[in-house]
Amino acid sequence: MIMSASLSPRANLSAMNTLGLTAYASRILPLQSIEQLESWRLDPELNTLPWLILGGGSNLVLSESLDRVVLHVELKGKRLLREDDEAWYVAAAAGELWHPFVQWTLAQGWGGLENLSLIPGTVGAAPVQNIGAYGVELKDTLDHLTAIDLSSGQMQQFSAADCQFAYRDSFFKQSTTPWLICEVVFRLPKNHQTKTNYGDIANALQAMQLPATPSTVSQAICQVRQAKLPDPAVIGNAGSYFKNPIVSAAHYQKLQARYPQMVAYALADGQYKLAAGWLIEQAGWKGRRLGPVGMYEKQALVLVNHGGATAADVLALELAVQADVAALFELVLESEPVKC
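This one's a predicted model, so the numbers in the text were calculated from it and none came from an experiment. (Residues numbered from 1 in each chain as written. Predicted model: local features only at pLDDT ≥ 70, side-chain atom pairs only at ≥ 80, totals over all residues. Heavy atoms only, no water.)

1. Some thoughts on the UniProt feature "domain: FAD-binding PCMH-type" (unreviewed entry) in the chain
Per the UniProt entry, the sites bearing "domain: FAD-binding PCMH-type" (unreviewed entry) are residues 21-191 in this numbering. Along residues 21-191 one finds 15% helix and 37% strand; the C-alpha atoms at either end are 43 Å apart. (UniProt positions renumbered as here; feature names shortened; annotations may be inferred. Helix = DSSP H or I, 4+ residues; strand = E, 2+ residues; numbered from the N terminus.)

What follows is the structure in structure tokens.
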């Protein structure tokens, strides 16, 4: 049995979530090996409380008091698993930080993840959210992953189809079973073609006078993100707080007639994806605060903590932004972060 002295009662999680919210948990356990997990899972003291799996804490709104055992995933390791004529298959442990892992793959000459550069968080958390940016989502390169059902201890392999990926969503985000992702394997094609059809990327490459290679696209994206998004180490944030809403063609045409400058993208199924940041800005929330939180002055889609905020502050701002956007555009913005 794990000695209770090692469990850090009333653990302070303020530094373990990128929003920097004031939050405390009943217990916190740093997971550095699967062997540790098995002993903890069978410990009756620990199993009196539900588990909360925590990686980089970059997509969470943590309650001020969590009656949970927090499993902080610190599993490390990355390697070339195998290759064939068409692709490299690259494995990374769940606790590896996402951006350094992307940079490592690019340093090996393996393209495919460059558009996901500078996204905070860990490798293990990335499939849960199906992270995406600049026309690329994690599902585009995931080959398979392994995960453990914490309730039974069973390890299972999931294909990309098994993960049931959707827009910022997955099987793991919806499941009521506590799944711990242990390792993720990516298929990085050898005939990879860079995607630079977002204007910001193309403009940055042109300004740097660089050709579009995986490494230079990553550089351009880092430059664009750093210009628009705050560093969580300086200003607490969870990146893009709201999802870009998807509306019917009829709804889009109605709004477009009223707002000719509205930012929207046509989808293959005939629907339209609207830019949530633009909607929030039109509703007057760009740079505006509500107590200790607000929407970032350089990017209205990003909710920031100006200091000392709790989950209640965040949720109050979320509701206020949703109400004002709904009043103007007759749609409801959906938040991205998981609320615990």
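2. Describing the pairing of strand 19 (residues 302-305)
Side chains V302 and V304 of strand 19 all project onto a buried face; the interleaved residues L303 and N305 project onto the opposite face, where all are buried too. By the bridge criterion, 3 bridges tie strand 18 (residues 293-295) to strand 19 in an arrangement that is antiparallel. If you follow M295 over to strand 19, its bridge partner there is L303. Hairpin connection from strand 18 to strand 19: 6 residues lie between these consecutive antiparallel strands. (Buried < 20%, exposed > 50% of the residue type's maximum accessible area, 1.4 Å probe, protein only. Pairing = 2+ DSSP bridges.)

3. As for the pattern of salt bridges
As enumerated under the stated definition, the model contains 16 salt bridges in all. A salt bridge links E96 to K78, with the shortest nitrogen-to-oxygen separation between them at 4.0 Å. Taken as a pair, E96 in the loop between strand 7 (87-93) and helix 2 (98-107) and K78 in strand 6 (residues 78-83) lie far apart in primary sequence, 18 residues in all. Overall, E96 belongs to the buried group, its relative accessible area being 12%. Note that R168 and E137 form a salt bridge whose closest N and O atoms lie 3.3 Å from each other. With R168 in the loop between strand 11 (155-159) and helix 4 (171-174) and E137 in strand 9 (residues 136-137), the pair connects residues that are 31 residues apart, well separated along the chain. According to the relative accessible area criterion, R168 is buried, its value standing at 12%. Overall, E137 belongs to the buried group, its relative accessible area being 17%. Each of E137, K139, D140, R168 and E336 takes part in salt bridges that share partners, so that together they form one network. (Salt bridge = Lys/Arg side-chain N within 4 Å of Asp/Glu carboxyl O.)

4. Observations concerning the packing of helix 5 (residues 199-208) against helix 6 (residues 214-228)
Two numbers describe how helix 5 lies on helix 6: the axes approach to 9 Å, and their chain directions differ by 110 degrees. For the element pair helix 5 / helix 6, the angle class is roughly perpendicular. For the pair helix 5 and helix 6, the contacting residues are D200, I201, A204, L205 and M208 in the first and T216, V217, Q219, A220, I221, Q223, V224 and K228 in the second. (Axes fitted to C-alpha atoms, helices over the stretch in contact; angles between N-to-C directions. Parallel < 35°, antiparallel > 145°, perpendicular 65-115°, else oblique. Contact = heavy atoms within 4.5 Å.)

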